[in-house]
Structure formats: C-alpha cells, structure tokens
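# Breakdown of the fold
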Amino acid sequence: DAGVIQSPRHEVTEMGQEVTLRCKPISGHNSLFWYRQTMMRGLELLIYFNNNVPIDDSGMPEDRFSAKMPNASFSTLKIQPSEPRDSAVYFCASSLAWGSGELFFGEGSRLTVL
Amino acid sequence: TQLLEQSPQFLSIQEGENLTVYCNSSSVFSSLQWYRQEPGEGPVLLVTVVTGGEVKKLKRLTFQFGDARKDSSLHITAAQPGDTGLYLCAGAERFGAGTRLTVKP
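This section reports on the structure supplied with the text. Computed from a prediction, not measured in an experiment: that's the story for all the values here.

## Overview of the overall build of chain A
On a plain count of helices and strands, chain A comes out with 0 helices and 11 strands. Taken from N to C terminus, the helices and strands of chain A fall in the order β-β-β-β-β-β-β-β-β-β-β. Scaling as 2.2 N^0.38, a compact globule of 114 residues should have a C-alpha radius of gyration of about 13 Å, and chain A matches this with 13 Å. Dimensions along the principal axes, computed over C-alpha positions, put chain A at roughly 40 × 30 × 25 Å. Looking at chain A as a whole, 46% of its 114 residues qualify as buried. Within chain A, counting contacts between residues at least 6 apart in sequence, those at least 24 apart form 55% of the total. As displayed, chain A offers around 5800 Å² of accessible surface, 50% of which is attributable to carbon and sulfur atoms.

What follows is the structure in structure tokens.
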C-alpha cells in the first residue's frame, strides 16, 4: 500500500515567491496533519483536518500560511510570500482515526528560501 | 514552550550498552506515542501506550507509561548501530524535541 505522498521533495525559491506543498494521505485515513520541522523548534503542528474540515490552525505562524483540503485524497500548504525564516522541512501525516495519535508521515518537503 | 520535555537531548553510546530516554509532562494524556526518525525521512511510529503503568516490549525496546499518564520512558537493551536516530515522544499529536541517539560500533 502507498504511504503518505508529498511533493516536491525539495524546493529552493527566492524570498517573496509563492510556495505550494502537496500531500496525498493514505486512502481511508480521515485525519490529515501538517508539521514543520527545524533544528531550533523541533516538530511543530501547523494545522490539522478531520474529514477534510480544518479543525485547528492555531499553529499556523502567520497569515502568509494557508492550507486547504478540497477532498479526502489531497491537501496543500501554501506560503505567500515566502521568507528565509520559512526554510524548514514540512511534513504531512495522516491518521486512520481522529485522536488516536497514531500518525503516518510522508518523507517531507525540504524548503529553502533564499 | 514544549508540552512534552524529553531528556537527554543527545546521547552517544557504544554498541552493546543499555540506555533509557525520558518523556515528561505536567499534563495528563490519554495515550502517548514513541516515534523514531532517521535522516531524510519522516518519523515512524514505534508504539502507543494507553494505560497508566503499562509496559510494552518490542524486541530490545521497552516502553513504559507512568502511573499518572504524564510521563513515559524508552529503554533499549544492548544498543546496536541500527538504533541510531531521533526518538520522539508525542501526545495529542504534539511532539517533544526528541532525543538524538548515536550508537557507535
């Protein structure tokens, strides 16, 4: 079975550009999570969805960040405009049951903003 | 502010040694999870502990959930180089900062 699929794996962009990260969760999983990982701050929860509905976006750092889940098999995380401090690895994870805590992660998207 | 505090932050040991890493919180959790992350990959779930006082064993790894469900520990017996990685505990989908373990041959 395919796991969580993220794209792109690597992205290098210039400050001010728009960045879109994509995620396909595991089929049948009802919850989807976006995380950001840096050495300084560790793994931070940005936003999560249950049955395609955003439940808590309190972890989204600024209005420059937005996330959507138009259907059960696709989600995007958008940064517009991007800044150098957004450089990090962004992970998408999905879970079969909301609140189980048992997450399956993608391989991540490494973003570098110059 | 980290809801879950992990210690030690870094640990470097020789192959064959035993080790314990800790995950502590002032909050009560219905369950805690342990994950291992290797470079360039996402975290991989190792175990979920649910019941206070619970002990779970996975080969050389022993996981314990505190009686009050506020803390957990991971003990590795006879560590091997393949155990090298970042060990993360999580509760309510929030993660601690992790313990970065290096096992030298």
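Resuming the write-up.
## Structural notes on the pairing of strand 7 (residues 65-71) of chain A
Residue and element names in this part refer to chain A. Summarising the sheet, strand 7 and strand 8 (residues 74-79) pair through 5 bridges and their orientation is antiparallel. From the neighbouring strand, lysine 68 faces strand 8, where its bridge partner is threonine 76. What sits between the antiparallel neighbours strand 7 and strand 8 is a turn of 2 residues.

## Here's the deal with the nonpolar core
The biggest cluster of nonpolar side chains holds 21 residues, and the ones touching the most others in it are Trp34, Leu77 and Tyr90 of chain A. Breaking this core down by element, the ones donating at least two residues are strand 3 (19-24), strand 4 (31-38), strand 5 (42-50), strand 7, strand 8, strand 9 (88-95) and strand 11 (109-113) of chain A. If sequence neighbours within four positions are ignored, tyrosine 90 of chain A has contacts with Gln6, Leu21, Tyr35, Arg36, Leu46, Phe65, Leu77, Ile79, Gly108, Ser109 and Leu111 of chain A. Among the nonpolar cores identified, the runner-up in size contains 20 residues, and Cys23, Val49, Phe63 and Cys89 of chain B belong to it.

## Brief notes about the pairing of strand 11 (residues 99-104) of chain B
Residue and element names in this part refer to chain B. The two faces of strand 11 differ: Thr99, Leu101 and Val103 on one face are buried, but Arg100, Thr102 and Lys104 on the other face are not. Inspection of the sheet shows strand 2 (residues 10-14) paired to strand 11 by 5 bridges, in the parallel sense. The partner of glutamine 14 across the bridge, within strand 11, is lysine 104. Strand direction decides the pairing type here: strand 9 (residues 85-91) and strand 11, joined by 3 bridges, are antiparallel. The residue of strand 11 that forms the bridge with tyrosine 87 is threonine 99.

## Observations regarding the sheet that holds strand 8 (residues 71-76) of chain B
Residues and elements named next belong to chain B. Ordered in space as 1-3-8-7-6, the 5 strands form an open sheet in which the pairing is antiparallel. Lying at the two open borders of the sheet, with one neighbouring strand each, are strand 1 (5-7) and strand 6 (55-58). Direction aside, the axes of adjacent strands within the sheet are offset by 15° on average. Bridge count for strand 7 (residues 61-65) against strand 8 is 5 bridges, and the pairing is antiparallel. Residue pairing for strand 8: phenylalanine 63 is matched across the bridge by leucine 74.

## Brief notes about the state of the cysteines
Residue and element names in this part refer to chain A. The final tally for this structure, using the stated rule, is 2 disulfides over all chains. Here cysteine 23 pairs with cysteine 92 through a disulfide, and the sulfurs are 1.9 Å apart. Residues cysteine 23 and cysteine 92 are joined through a disulfide that is left-handed, its torsion about the S-S bond being -65°. Taken together, the positions of cysteine 23 in strand 3 and cysteine 92 in strand 9 put the pair 69 residues apart, joining distant regions of the chain.

## Side note on the interface of chain A and chain B
Each partner contributes to the interface: chain A provides 19 residues, whereas chain B provides 17 residues. Between chain A and chain B the total buried area reaches about 1400 Å² when both faces are included, carbon and sulfur atoms providing 50% of it. The interface formed by chain A and chain B contains 1 salt bridge. A salt bridge links aspartate 56 of chain A to arginine 94 of chain B; the shortest N-O distance between them is 3.5 Å. The interface formed by chain A and chain B contains 8 residue pairs in polar contact (both at pLDDT 80 or more). Taken together, the residues that form the side of chain A that touches chain B break down as 9 nonpolar, 5 polar and 5 charged.

Cut-off values and rules
- Residues numbered from 1 in each chain as written.
- Chains lettered and ligands numbered in written order.
- Predicted model: local features only at pLDDT ≥ 70, side-chain atom pairs only at ≥ 80, totals over all residues.
- Heavy atoms only, no water.
- Helix = DSSP H or I, 4+ residues; strand = E, 2+ residues; numbered from the N terminus.
- Rg over C-alpha atoms; globule rule 2.2 N^0.38 Å.
- Buried < 20%, exposed > 50% of the residue type's maximum accessible area, 1.4 Å probe, protein only.
- Contact = heavy atoms within 4.5 Å.
- Areas by Shrake-Rupley, 256 points an atom, 1.4 Å probe, with all protein chains shown as cover.
- Pairing = 2+ DSSP bridges.
- Core = buried A, V, L, I, M, F, W, Y, C linked by side-chain atoms within 4.5 Å.
- Axes fitted to C-alpha atoms, helices over the stretch in contact; angles between N-to-C directions.
- Disulfide = S-S within 2.5 Å.
- Buried area = accessible area lost by both parts, 1.4 Å probe.
- Salt bridge = Lys/Arg side-chain N within 4 Å of Asp/Glu carboxyl O.
- Polar contact = N/O pair within 3.5 Å; in protein donor to acceptor, adjacent residues only side chain to side chain.
- Nonpolar A, V, L, I, M, F, W, Y, C, P; charged D, E, K, R; others polar.

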